[in-house]
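If you want the building blocks of each chain, they are given just below.
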Amino acid sequence: MWRPVVVTVAPAAEPLTTADAKAHLRVDHSDDDTLIAANVAAARAHVEARTATRLYTQTVSMKADSWDDLANLPLAPVQSITSVAYVDTAGTAQTLSTDYYEARLFGLEPGLALKFGQSWPPMQDRSLLTVVAVVGYGAAGTQPPEVMHAIKLVVGDMYEHRETVGAGAVSLPVASTVDALLANHRKHLI
């Protein structure tokens, strides 16, 4: 079982700039720049949570209970594995050599597999594995267009409806459109 992912090196920027968000919103003044930037960050976080992906390059630490968990990493896409650490049966922290495993960083289904003839080393009971990885689609412009459009729709909805929409109010089906746009860009845990 995987524990919540921790970002250790944050992304350098948002994949959607405030200027691009303003163009989508048709806002030509700077009065709401702070609000729009906050909406972009919230929309990106929402999309990342809904898809179990990271949109912009960042470094994360992922903790798991057992070697078997490594076959299916909890988020995608993974650009590279920095390290795999564990506690051996003597209680000593160890970093697993890449001689043991092969990184299979395939799109939305990344994982680590044992190399031929290897076996996972024994770990101390109840200790956790720690995988440090560089994740995300990359810099701005490398994200799937459907994902970026979903972010724009969420930003627009948040900008237009700054408070909870009351009963009886007419609301556009933004959530279903966002879900449809993200459908083919979700990481699925097995």
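Enquirer: Let's hear about the overall build of the chain: which residues, and what values?
Expert: Summing up its helical and strand segments, the chain has 4 helices and 7 strands in all. Along the chain, helices (α) and strands (β) appear in the sequence β-α-α-β-β-β-β-β-β-α-α when read from the amino end. Split into buried and exposed, the 190 residues of the chain put 39% on the buried side. Of all intrachain contacts in the chain linking residues separated by at least 6 positions in sequence, the fraction that spans at least 24 positions is 77%. Approximately 10300 Å² of the chain is accessible, and the part contributed by carbon and sulfur atoms is 54%. Charge-centre separation for the chain: the mean point of 14 positive side chains lies 3 Å from the mean point of 20 negative side chains.

Enquirer: Summarise the sheet that holds strand β2 (residues 58-64); cite the residues concerned and give the values.
Expert: Strands pair in a sheet through their backbones, by hydrogen bonds, and they do so in one of two ways: parallel or antiparallel. The strand order across the open sheet formed by 5 strands is β1-β2-β7-β3-β4, and the pairing between neighbours is antiparallel. With one partner strand each, in any of the chains shown, β1 (6-9) and β4 (93-95) form the two edges of the open sheet. The sheet shows a mean angle of 25° between the axes of neighbouring strands, taken without regard to direction.

Enquirer: Give me unusual backbone geometry: which residues, what numbers.
Expert: Going from Ala76 to Pro77, the amide bond is cis rather than trans, its omega being -20°. Within the secondary structure, Pro77 is located in the loop between β2 and β3 (78-87). The phi angle at Arg26 is positive, at roughly 60°, despite the residue not being glycine. In this structure, Arg26 sits in the loop between α1 (18-25) and α2 (33-51). With a phi angle near 65°, Arg126 is a residue other than glycine that sits in the positive phi range. Topologically, Arg126 is positioned in the loop between β6 (111-114) and β7 (129-135).

Criteria and thresholds
Residues numbered from 1 in each chain as written. Predicted model: local features only at pLDDT ≥ 70, side-chain atom pairs only at ≥ 80, totals over all residues. Heavy atoms only, no water. Helix = DSSP H or I, 4+ residues; strand = E, 2+ residues; numbered from the N terminus. Buried < 20%, exposed > 50% of the residue type's maximum accessible area, 1.4 Å probe, protein only. Contact = heavy atoms within 4.5 Å. Areas by Shrake-Rupley, 256 points an atom, 1.4 Å probe, with all protein chains shown as cover. Lys, Arg positive; Asp, Glu negative; His and termini not counted. Charge placed at Lys NZ, Arg CZ, Asp CG, Glu CD. Pairing = 2+ DSSP bridges. Axes fitted to C-alpha atoms, helices over the stretch in contact; angles between N-to-C directions.

Geometry only, nothing functional implied.
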